[in-house]
Amino acid sequence: MDSDDLRPADEAILDELHGGRLTKGALVDLTGYSRNTVYHRLEVLAAAGYVDCVHEGTRLFELVDDPRSLDQSHE
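Reading guide: rules and limits
- Residues numbered from 1 in each chain as written.
- Predicted model: local features only at pLDDT ≥ 70, side-chain atom pairs only at ≥ 80, totals over all residues.
- Heavy atoms only, no water.
- Axes fitted to C-alpha atoms, helices over the stretch in contact; angles between N-to-C directions.
- Helix = DSSP H or I, 4+ residues; strand = E, 2+ residues; numbered from the N terminus.
- Parallel < 35°, antiparallel > 145°, perpendicular 65-115°, else oblique.
- Left-handed = near helix turned anticlockwise from the far one by under 90°.
- Contact = heavy atoms within 4.5 Å.
- Nonpolar A, V, L, I, M, F, W, Y, C, P; charged D, E, K, R; others polar.
- Core = buried A, V, L, I, M, F, W, Y, C linked by side-chain atoms within 4.5 Å.
- Buried < 20%, exposed > 50% of the residue type's maximum accessible area, 1.4 Å probe, protein only.
- Pairing = 2+ DSSP bridges.

Colleague: Can you help me understand the packing of helix α1 (residues 8-17) against helix α2 (residues 24-31) in this one?
Modeller: In a pair of packed helices, the angle between the axes and the distance between the axes together describe the arrangement. Packing of α1 against α2 leaves a shortest axis separation of 10 Å and a crossing angle of 115°. The angle between α1 and α2 places the two elements in the roughly perpendicular class. α1 and α2 meet at a crossing whose hand is right-handed. Between α1 and α2, the residues in contact are A12, I13, E16 and L17 and L27, L30 and T31, respectively. Here the contact of α1 with α2 is built from residues that sort into 5 nonpolar, 1 polar and 1 charged.

Given below as structure tokens:
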């Protein structure tokens, strides 16, 4: 997965995580996407290594690498 594969929900999640760690619930509120969409996209982003769940009990996520930044660094 690279920046070309990102969906609008992914972009919104990454944008919010640039400000620091957030829970899945906070990401739902801040992005306006449904819980199911946010949960699924977080799983996809985590599998790609872009975000990490740092506390399973609260579903607290942090940004690891933003693929949009990685693509820009190669230009």
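Colleague: Hey, could you run me through the nonpolar core in this one?
Modeller: The nonpolar side chains of a soluble globular protein tend to be buried with one another. Among the nonpolar cores identified, the biggest contains 13 residues, and I13, L17, L27, V38, L42, L45 and V51 are the most heavily contacted of them. Elements with a contribution of two residues or more to this core: α1, α2 and α3 (35-47). Beyond its immediate sequence surroundings of up to four residues, V51 is in contact with L14, L17, L42, L45, A46, F61, E62, L63 and V64.

Colleague: Explain the pairing of strand β3 (residues 60-63) here, please?
Modeller: Regular strands have side chains that alternate between both faces of the sheet. By the bridge criterion, 2 bridges tie strand β1 (residues 22-23) to β3 in an arrangement that is antiparallel. Within the sheet, the bridge partner assigned to T23 lies in β3 and is L60. Looking at chain direction, strand β2 (residues 51-55) and β3 are connected through 4 bridges and run antiparallel. Residue pairing in the sheet places C53 in a bridge with F61 of β3. Connecting β2 to the next strand, β3, in antiparallel fashion are 4 residues, including R59 with a positive phi near 55°.

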